[in-house]
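Chain by chain, the residues run as shown.
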Amino acid sequence: MPWMTALDNVLLGVNKVFPHATKSQRNDIAKYYLQKVGLEEAFNKKANELSQGMQQRVGIARAFAIKPKVLLLDEPFGMLDSLTRGELQDILIEIWNKEKITAVMITHDVDEAIFLADRVVMMTSGPKAKIGDILNIDFERPRTRKSVLEHNDYYKYRKHLIDFLEH
């Protein structure tokens, strides 16, 4: 909601999911997740005063703050520069590890899929898309970007995904 602050945007969901918590507890939850995505200085900024990347961070904070059992992420880092993307991927992994949330993420970024996923489900093209292939990513958790890039199977997985995309 562009007329609301970043904090108020996150509180929209928190207030609905945790109606019996005190106002202070709900504020603490919202602030915690805004801090996790690097927006501690933007609590009171209106959404329309934030960059698109910052708005995307508010959306990620809002999604995690309600502590869902399953989280659907549709190109969550699409508007971000590569450094910010990497930072938020690391934060996403940290929150996943802590909260044990199942996530389904849509991405067109092959490296992002390999780094974040345990299983990559590739879809065929077109309005009648269907599952075209499934690739299990057998990297141990917790993962680091460095360990993934240095893993013997990294380029095998990458080639498999790119070959699917090119055909």
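Residues numbered from 1 in each chain as written. Predicted model: local features only at pLDDT ≥ 70, side-chain atom pairs only at ≥ 80, totals over all residues. Heavy atoms only, no water.

Chemist: I would appreciate a short explanation of a nonpolar patch on the surface in the present structure.
Modeler: A surface patch of nonpolar side chains, amounting to about 370 Å² of accessible area, comprises Val70, Leu72, Val104 and Ile106. As for its placement among the helices and strands, Ile106 is situated in strand β2 (residues 102–106). According to the relative accessible area criterion, Ile106 is partly exposed, its value standing at 38%. (Patch = residues over 30% accessible without salt bridge, like charges linked within 9 Å, V, L, I, M, F, W, Y side chains within 5 Å. Areas by Shrake-Rupley, 256 points an atom, 1.4 Å probe, with all protein chains shown as cover. Salt bridge = Lys/Arg side-chain N within 4 Å of Asp/Glu carboxyl O. Helix = DSSP H or I, 4+ residues; strand = E, 2+ residues; numbered from the N terminus. Buried < 20%, exposed > 50% of the residue type's maximum accessible area, 1.4 Å probe, protein only.)

Chemist: Teacher, can you tell me more about the environment of Val37 here?
Modeler: Note on placement: Val37 falls in the loop between α2 (23–36) and α3 (52–65). Taking the C-alpha atoms as reference points, Val37 and Ile134, separated by 97 residues in sequence, lie 31 Å from one another.

Chemist: Just to check I follow, could you spell out the side chain of Gln89 for this structure?
Modeler: Checked against the element boundaries, Gln89 lands in helix α4 (residues 82–99). In terms of polar contacts, Gln89 uses its side chain to reach the side chain of Glu112, at 2.7 Å. Residues contacting Gln89, with those up to four places away along its chain left out, are Phe77, Glu112, Phe115, Leu116 and Arg145. (Polar contact = N/O pair within 3.5 Å; in protein donor to acceptor, adjacent residues only side chain to side chain. Contact = heavy atoms within 4.5 Å.)

Chemist: What's the story with the packing of aromatic side chains in this structure? I'm lost.
Modeler: Each aromatic ring pair is specified by the distance between its two centres and by the angle formed by the two planes. If you walk through the whole model with that rule in mind, you get three aromatic pairs. Judged by centre distance (5.3 Å) and plane angle (65°), the ring pair of Phe139 and Tyr157 falls under edge-to-face. Linking Phe139 in the loop between β4 (131–136) and α6 (145–150) with Tyr157 in helix α7 (residues 154–166), this pair joins segments that are 18 residues apart in sequence. The two residues Phe139 and Tyr157 agree in class, both being buried. With centroids separated by 4.8 Å and ring planes inclined at 80°, the aromatic side chains of Tyr154 and Tyr155 adopt a geometry described as edge-to-face. Owing to a relative accessible area of 4%, Tyr154 belongs among the buried residues under this scheme. Positioned above the aromatic ring of Phe115, the side-chain terminus of Arg145 is 4.3 Å from the ring centre. (Phe/Tyr/Trp six-rings, centres within 6.5 Å; stacked < 30°, edge-to-face > 60°. Lys NZ or Arg CZ within 6 Å of the ring centre and 35° of its normal.)

Structural measurements only, silent on function.
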